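# Residue-level structure breakdown
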Amino acid sequence: KGILPTEDELQEDLSQFGEFGEWEKAQNRDEMDKVLAKFGWFWIDKSDLDSEFEKVFNSDLDFLLELQKKWEPVDQDPKWLFLIQEIKRMRELEPERKIIIFTQFANTATYLNTFLSQHGLRILTITGWSKNTVSIRQLRNNFDAWIPDEEQENDFDILIATDAISEGYNLHRAWLIINYDIPYNPTVVIQRIGRINRINKRVFNQLYIYTYFPSLVWEWLIGVERI
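This write-up is about the structure you can find in this document. Keep in mind that this is a model prediction, so the values were computed, not measured. Per chain, residue numbering runs from 1 following the sequence as it is written. Local features are withheld for residues below a pLDDT of 70 in this predicted model, meaning they are given only at 70 or higher, and side-chain atom pairs are given and counted only at 80 or more; totals for whole chains, interfaces and linings count all residues. Each side-chain value is worked out from all heavy atoms of the structure, with water and hydrogens disregarded.

### A look at helix α8 (residues 186-193)
Throughout, exposure labels follow a simple rule: accessible area from a 1.4 Å probe, protein chains only, divided by the maximum for the residue type, with under 20% read as buried, over 50% as exposed, and the rest as partly exposed. Numbering of helices and strands runs from the N terminus, with a helix taken as a DSSP run of H or I at least four residues long and a strand as a DSSP run of E at least two residues long. All buried positions along α8 are accounted for by Val188, Val189 and Arg192. Down the axis of α8, the sector holding all buried residues measures 105°, keeping them to one side. Away from its buried face, by an angle of more than 90 degrees, α8 presents the exposed residues Pro186 and Ile190. In this structure, the buried residues of α8 make contact with β1 (98-102) and β4 (174-179). Two N or O atoms form a polar contact when they lie within 3.5 Å of each other; inside protein one atom must be a possible hydrogen donor and the other a possible acceptor, and for residues adjacent in sequence the pair counts only when both atoms belong to side chains. Capping the start of α8, Asn185 holds a side-chain oxygen 3.0 Å from the backbone nitrogen of Thr187, two or three residues further along. Here the arc refers to the directions that run from the helix axis out to each C-beta atom. Any two residues whose heavy atoms approach within 4.5 Å at even a single point are treated as in contact.

In structure tokens form, the structure reads like this:
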């Protein structure tokens, strides 16, 4: 699993190298294989899998679908409630300053976008699936302090993003990063922070980094010791 690309990574790589259009136009398996081969990827045929794989896979799927049914009636999200309370508090202190929320998952980014937009906040959301020329221009013009003053825009208060933009972008018109979840690789968190902590271009004297940690119950279940 660790070396398999996620949907976001697949979309990001295909878009970055201009191959997504070719992927969408592929009419058969051979044409899709040619696109994948450019990235060193390949299909795993069903015949190559252990005979028990499909049975075990379907068992896991049934379990997850049942879990989803149990989640559907839940209408309270304390994590989300704390987030909106903290954003409102920080914006009362500095209403003109921008905020970045990082999450690992495109679905979470969409979820946050939906709820934050209901509070009158102007949101730009960028994931591997939504990243395109227009969104990157908006990103730079609204969050990059290196952009000339006459080109800078102020259309968005908050950026919600996956790690599709955790590297290679200057976002130092923001003064606060919220890590809504923690990636398994801690280096990614440092990369996220580096988006607003830029060399030779200080915009704010103080930067703030908020990070949600896994609950103690989940850490106990997966055997993680908090240091």
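### Things to note about the nonpolar core
One recurring pattern in soluble globular proteins: nonpolar side chains tend to sit buried together. In this structure, Leu83, Ile87, Ile101 and Leu116 are the most contacted members of the largest nonpolar core, which totals 20 residues. Secondary-structure elements contributing two or more residues to this core are α5 (78-93), β1, α6 (106-117), β3 (158-161) and β4. Discounting chain neighbours no more than four positions away, the residues touching Ile87 are Ile99, Ile101, Leu116, Leu121, Ile158 and Ile178. Nonpolar cores are built from buried Ala, Val, Leu, Ile, Met, Phe, Trp, Tyr and Cys residues. Side-chain atoms within 4.5 Å join them into one set. Phe102, Ile136, Ile165 and Tyr169 belong to the second-largest nonpolar core, a separate cluster that totals 16 residues.

### A closer look at the pairing of β3
Burial of β3 is two-sided: the residues Ile158 and Ile160 facing one way and the residues Leu159 and Ala161 facing the other way are all buried. Here, any two strands with at least 2 DSSP bridges between them count as paired. Bridge count for β1 against β3 is 4 bridges, and the pairing is parallel. Its bridge partner lying in β3, Phe102 is registered against Ala161. Viewed with both strands pointing away, a crossover whose connecting path from the first strand over the helix to the second turns clockwise is right-handed. Handedness of the crossover joining strand β2 (residues 123-126) and β3 through helix α7 (residues 133-143) is recorded here as right-handed.

### Some remarks on the sheet that holds β1
Taken together, 5 strands build an open sheet; the order of strands is β2-β3-β1-β4-β5 and the sheet is parallel. Looking at which strands have only one partner, the edges of the open sheet turn out to be β2 and β5 (208-211). Direction aside, neighbouring strands of the sheet carry axes that sit 15° apart on average. Orientation is described by lines fitted to C-alpha atoms, with helices fitted over the stretch in contact, and by angles between N-to-C directions that extend from 0 to 180 degrees. Each of β1, β4 and β5 is contacted by α8, which is oriented at about 160° to β4, the strand it contacts most.

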